[in-house]
Each structure stands twice: as C-alpha cells, then as structure tokens.
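Listed below, chain by chain, are the residues.
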Amino acid sequence: MPYCSRRLLTTVIGTILLWILPLPSWGQEPSAEKPTRIALRAARLFDGKSDRVLPDAVVLIEGSRIQAVGSGLSIPSGTRVLDLGDVTLLPGLIDAHSHLLLDVDPELGGDGMLTTIAQSSTAERALLGAKLGREMLEAGVTTVRDVGNSGLNGDVALRNAIQRGWVQGPRISACTRALAPHGGQLPTLQPPAQPLIEQEYVTISGVEEARRAVRQAISDGADCIKVIVDNGHNLLSLEELKVITEEAHRRKRPVAAHTTLDESIRTAVQAGVDSIEHGYSLPDDVVALMVRKRIFLVPTDSWLDVCDSFDAKAGNAERQRQMKERCRRNITQAHDRLRRAVGAGVRVAAGSDMYIVLPGLTRGQASVKGFIAYAEAGLKPVDILRAATVNAAELLRMQDQIGSLEPNKLADLLAVEGDPLKDVRALKQVRFVMKDGQVVLDSRAQKGRVDGSTR
C-alpha cells in the first residue's frame, strides 16, 4: 500500500475511534477510590503525651491517617473493626540512631565494619537493609534515623524503595555519608586501601570543605547531617562544626554529632548541634548548656546482661573475665551519666546503635531491647516511651506527622501485651503493628482469630 494511502487510513480510523469511544469529562477529576476506614479497639492506649493509659480505647483511621482517638468512641457504619483485645496500643516506635545497612558478626573476629565495607557493595548492603528493616517494622519500630555507615548513599536508596512500596520497612530519615575528620572511623589503612574511607565518609579539613560537604549531602538526598566530631585520631574544630550546623539549619536539616570525649562533646554543644550521639562522658557544664540550648541526648547504651556474652574460650578465662568486668564498668558509667542528664533536664531521644548480630534476636528485637535498657539507669517507663516516640519525632523534625496518637497524624501504631507504663518490658510482647494505616503484623491472624467485621 502506498504511503499516502496508509496515512489516510490511519486518519480515518482515528476519527472513527474519537466518535465511538467515551471521552473524559474535561475539567473533572477522575473518581478516586474511597480511603479504607478502620477502627482499632483495645483495652488500653498510651497516646505518647499523657502519663497514663486510656481505657476502652478506639482509634478511627481513614486511609493513612488517624481521624479520632478516644475512650468508647462510636464507630461509623461501614468501618472495618479490628478488635485487638487485652493489649495496649501506642505510637509506632522511633529509633533515632540506626544502622540498617550494617550487620557485623562478632564471632568472625577482626574489624567487622572494615570487612563489611571492603567485601560488600552498596547494593548488597541495601538489600541487607531491606531484610533488617522488615525486622525493625515487625518489632514495632515504624521510623528510624539511619546515621551513616551505609556505603555510597545506600540509605537513601533504601528509603526511596520503601517509600515507593518496593519493599516493606520503617520510614527512614537518611543521613547519607557521615562528615568526618581524616580517616573516618576506620583503622589506619595503607594508601591503596584509603579510597574505602571516602566510600563511607566525607572527610573534611577546613571551613569551606565543611560547607561543601553539607551541600553535597543534601544534594545526595540527606534528611539529616551526621558528623563524626572525634575519631580517636583527629577532632573537628569549633569553626568547622559551626559552619556545618549553620549550613544544615539553613536548609532545615538537623545535625547529629557523634561524640565520645569531653572535648568533642563540649565543642559540638557550643556549635549548636541538634543531638549528642553516645556522649558517654557528659561534664556538668555541658549538661547545663544542653538544657539551655534544648539539645537532645541520644544514649546508645547497652544492657548489663550483654557482658555475660564474654564466655571463656580457648583456655583464656582470665582475659574473658577482665573483658566482662570492663564491659560492666563502662555500662554502669553510661547509666550514671544518663541519670545525671535526665535529672538535670536534658531531653532524651531513643537510639539503639544496633549494628551487630545478636544470636536469637532479630534486628528489631535487639534495638527495642536497647530502649528497655534505659530502665537499668533508673528511667521511668513513661520517660522511656516518650524517648522512643514524641521526643524522637521532634528530633527528626517530624512531630507534626508521627510520635503520638492524635487526629491527622499518620496511623503508625503497635499493640503489646500488658501495660508498658507499668513494665516497659511489655515492648517485647508485640502483637500488632500498623504503618501508614496498613497492617504489617497481626498475631491474631496466626491464631485464626481475625475480626474483620464492619459497622
């Protein structure tokens, strides 16, 4: 068929189709599917703000958001009802110091982080992060702040994959590569191996490099800026930290400062960072300044029982005994500084710093156990729950979306057996998890007792 004939035939067919096919209603939005309406019922509820539980609790949810919270609320007709029974509902937990792309096995010995960086690509670690993220979610941790050690922006890739629904995991506030003094946090490396440092950290020296590093992080997709203030070899200056903080705040990004020494903690607080990570030593003058500047402490303390993992091996019982004693001494000192900080009025946001394999525990279970360990320092259950909900949400600058059970906030919830305001160890007994209005875990389904009735 000649070209002109084919073109004429195409035009005729197109005209016929315009006549016989229905046309869209110009100027009108296509009808969207109505959001699902769900009502959660539970014996008790902790909203994240009050210091007591609400009895006979009902949470009304439409789509991804909470519509109402109250005691004995009337449930509208057509609502799917999930009666969770004798449990306590509370806001989804938040881990403000996570490392989802790092899972070091201490049994392998050596420097586990260096081995991971040298042998695993960022893509492989992101896939690992998807697994660990799912474990966090099933433990009731619906949001994390991932503070680096995730290769070349692997945390951003994982965050985006979760947002797009490709994989299931917690909401991620990603810090990308941490800013650090030369050497990062790795041991001394031979020159051929030093490119590994820049894969994990952006090393800086001088004010302009510091400013450029913040801008690069934000360009890479950072929701927050992580700074290694001291690394055992070098220490960032006050001028560098001030520029980092000013540039980050100008772009509305919070700054998390890794600090372990008196000098680095004092410098970070003077620079006006948003949180002190670890802060194992907190001088009294620094505590007072943190209170005045409303800087959070993110204590990444472990629990005393972890010291029992140092079992006598290979006939070296004395060395193992010394390691146990040192472990207990360090944790006891950390608990003491946490008591002093809280007593002085420092605000605490929960952070696990979990990056190792703990036999018998998923990543989520291990992280939540870290929160529970704050009780060993004398923190009340309600203060621990607030540290892992409303306080952490404020630190992440997400308090208008998560952290408490209120109308218009995202429907992130978990249900646990018992009353965590009486015994915070109830956080181990997770029976139900919801994120963005979607059920992630429902133990009733495993027992064949799902109540999907509508009203």
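Here the structure is a predicted model, which is why all the values come from computation and not from measurement. Every chain is numbered on its own, with residues counted from 1 as its sequence reads. Given that this is a predicted model, residues contribute local features only at a pLDDT of at least 70 and side-chain atom pairs are listed and counted only at 80 or more, while totals for whole chains, interfaces and linings are drawn from all residues. Working from all heavy atoms in the structure, the side-chain values ignore hydrogens and water.

Enquirer: Got a sec to walk through the sheet that holds strand 7 (residues 141-146)? Specific residues and values, please.
Expert: When DSSP finds two or more bridges between two strands, those strands count as paired. Here a strand is any run of E in DSSP of at least two residues, a helix any run of H or I of at least four, and the numbering for each starts at the N terminus. Sheet architecture is open: 3 strands sit in the order 6-7-8, paired in parallel fashion. The open sheet is flanked by strand 6 (93-98) and strand 8 (171-174), the only strands paired with a single partner. Across the sheet, the mean angle separating the axes of adjacent strands is 15° when strand polarity is ignored. Both strand 6 and strand 7 contribute to a ladder of 4 bridges, which runs parallel. By the bridge assignment, L93 is partnered in strand 7 with V141. To get an axis, fit a line to the C-alpha atoms, keeping to the stretch in contact for a helix; angles then go from 0 to 180 degrees between the N-to-C directions.

Enquirer: Residue-level account of unusual backbone geometry, with values.
Expert: The backbone of N153 sits at a positive phi, close to 65°, despite the residue not being glycine. With respect to the helices and strands, N153 occurs in the loop between strand 7 and helix 4 (154-163). Here R397, not a glycine, exhibits a phi torsion of approximately 60°, which is positive. For R397, the location among the structural elements is in the loop between helix 13 (390-395) and strand 15 (413-417). Burial classification: accessible surface area is computed with a 1.4 Å probe over protein chains only, and a residue below 20% of its type maximum counts as buried, one above 50% as exposed, and the rest as partly exposed. Classification of R397 as partly exposed rests on a relative accessible area of 36%.

Enquirer: Talk me through the pairing of strand 12 (residues 255-259); I want residue IDs and the actual numbers.
Expert: Extensive coverage of strand 12 is indicated by the burial of 5 of its 5 residues. On strand 12, burial covers both faces: V255, A257 and T259 on one face and A256 and H258 on the other are all buried. Note: strand 11 (residues 225-228) against strand 12, 4 bridges, orientation parallel. Opposite K226, over in strand 12, you have A256 as the bridge partner. The sheet contact formed by strand 12 and strand 13 (residues 275-278) spans 4 bridges and is parallel. Paired with A257 across the strands is I276, a residue of strand 13. For the crossover from strand 12 across helix 8 (residues 262-271) to strand 13, the handedness is right-handed. When the strands point away from the viewer, a crossover counts as right-handed if the route from the first strand across the helix to the second turns clockwise.

Enquirer: Could you give an account of the layout of surface pockets, with specific residues and numbers?
Expert: Computed from the structure, the second largest pocket encloses a volume of approximately 480 Å³. Every definition here rests on a 1 Å grid over the protein atoms only: cavities are sets of points where a 1.4 Å probe fits but cannot get out, pockets are open sets enclosed by protein on both sides within 12 Å along at least five of seven lines, and lining residues have some atom within 4 Å of a point. Lining the second largest pocket are 22 residues; nearest its centre among them are Q163, R171, I172, K435 and D436. Of all elements in the fold, only strand 7, helix 4, strand 8 and strand 17 (438-442) reach the threshold of two or more residues within the lining of the second largest pocket. Each of domain 1 (34-91 + 404-447) and domain 2 (93-402) accounts for three or more of the residues forming the lining of the second largest pocket. Grid points are joined across faces, edges and corners, and a volume is the space filled by probe spheres set on the points. All the domain ranges listed were derived from an automatic or database domain assignment.

Enquirer: Tell me about the pairing of strand 2 (residues 54-62), and please be specific about residues and values.
Expert: As paired strands, strand 1 (residues 37-45) and strand 2 are joined by 8 bridges and run antiparallel to one another. Within strand 2, the position partnered with L45 by the bridge is L54. Between strand 2 and strand 3 (residues 65-71), which pair antiparallel one after the other, the connecting turn spans 2 residues, and G63 there sits at a positive phi close to 65°.

Enquirer: A description of the confidence of the model for the protein chain should follow, citing residues and the corresponding values.
Expert: By definition, pLDDT measures how confident the predictor is in each residue, and it falls between 0 and 100. Across the protein chain, the average pLDDT comes to 89, with 88% of residues at 70 or higher. Taken together, the stretch residues 3-31 has pLDDT below 50 and engages in 2 contacts with residues farther than four places along the chain or on a different chain. Between two residues, a contact is recorded if the distance between any of their heavy atoms is within 4.5 Å.

Enquirer: Residue-level account of helix 7 (residues 238-250), with values.
Expert: Across its 13 residues, helix 7 extends 18 Å between first and last C-alpha, which sits within 8% of the 18 Å expected from 1.5 Å per residue. Three or more residues of helix 7 are buried, namely E240, L241, V243, I244, T245, E247 and A248. The elements touched by buried residues of helix 7 are strand 9 (178-180), helix 6 (207-219), strand 11, strand 12 and helix 8. One or two steps after helix 7, the chain reaches K252, where phi turns positive at roughly 60°. In this scheme, a helix's expected span is set at 1.5 Å multiplied by one less than its residue total.

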